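Below, each chain spelled out in residue letters.
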Amino acid sequence: QVQLVESGGGLVQAGGSLRLSCAASGSISRTNTMGWYRQAPGKQRELVAEITSGASTNYADSVKGRFTISRDNAKNTVYLQMNSLKPEDTAVYYCKYVNSFQWQYWGQGTQVTVSS
């Protein structure tokens, strides 16, 4: 089992910044992928960004150039630096962990609200 604890959400004005953190604990595999997804009201959950244990990254087109994902393998923690936030970034952001067997674990979600 893997437990994920997210932090860093909140309310920010358009153009502002927030930094999300997600700490993983439990049965951590050396090879894994951690990422952030988001779900806005009435919409499907979508990928925001993900990063492998080898530091390869993948971003949704809508956040490229504004968001940066990074990780600290020693702390089993992934970060999402969100800059130039837009109202359409408003959503619940979920952390996801995928181990070497492709088992998936999700965090409880953290609300990000961007006011115009």
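Below is a summary of the structure that appears in this document.

How each quantity is defined
Residues numbered from 1 in each chain as written. Predicted model: local features only at pLDDT ≥ 70, side-chain atom pairs only at ≥ 80, totals over all residues. Heavy atoms only, no water. Helix = DSSP H or I, 4+ residues; strand = E, 2+ residues; numbered from the N terminus. Buried < 20%, exposed > 50% of the residue type's maximum accessible area, 1.4 Å probe, protein only. Lys, Arg positive; Asp, Glu negative; His and termini not counted. Salt bridge = Lys/Arg side-chain N within 4 Å of Asp/Glu carboxyl O. Polar contact = N/O pair within 3.5 Å; in protein donor to acceptor, adjacent residues only side chain to side chain. Pairing = 2+ DSSP bridges.

### Topic: the side chain of Arg71
Along the chain, Arg71 turns up in strand S7 (residues 67-72). An unpaired buried charge is present at Arg71: no salt bridge exists, and Asp72, the closest side chain of opposite charge, is 8.0 Å distant. Among the polar contacts made by the side chain of Arg71, one reaches the side chain of Asn32 at a distance of 2.6 Å. In this structure the side chain of Arg71 is engaged in a polar contact, spanning 2.6 Å, whose partner is the side chain of Asn73.

### Some points on the pairing of strand S9 (residues 91-98)
Across the 8 residues of S9, 7 count as buried, placing the element largely inside the fold. Judged from the 7 bridges that link them, strand S4 (residues 33-39) and S9 form a sheet pairing that is antiparallel. Looking at S9, one finds that Thr33 is bridged to Val98. Summarising the sheet, S9 and strand S10 (residues 104-106) pair through 3 bridges and their orientation is antiparallel. Across the sheet, the residue bridging to Lys96 is Trp106, located in S10. As consecutive antiparallel partners, S9 and S10 are separated by 5 residues, and within that stretch Gln102 has a phi angle of approximately 70°, a positive value.

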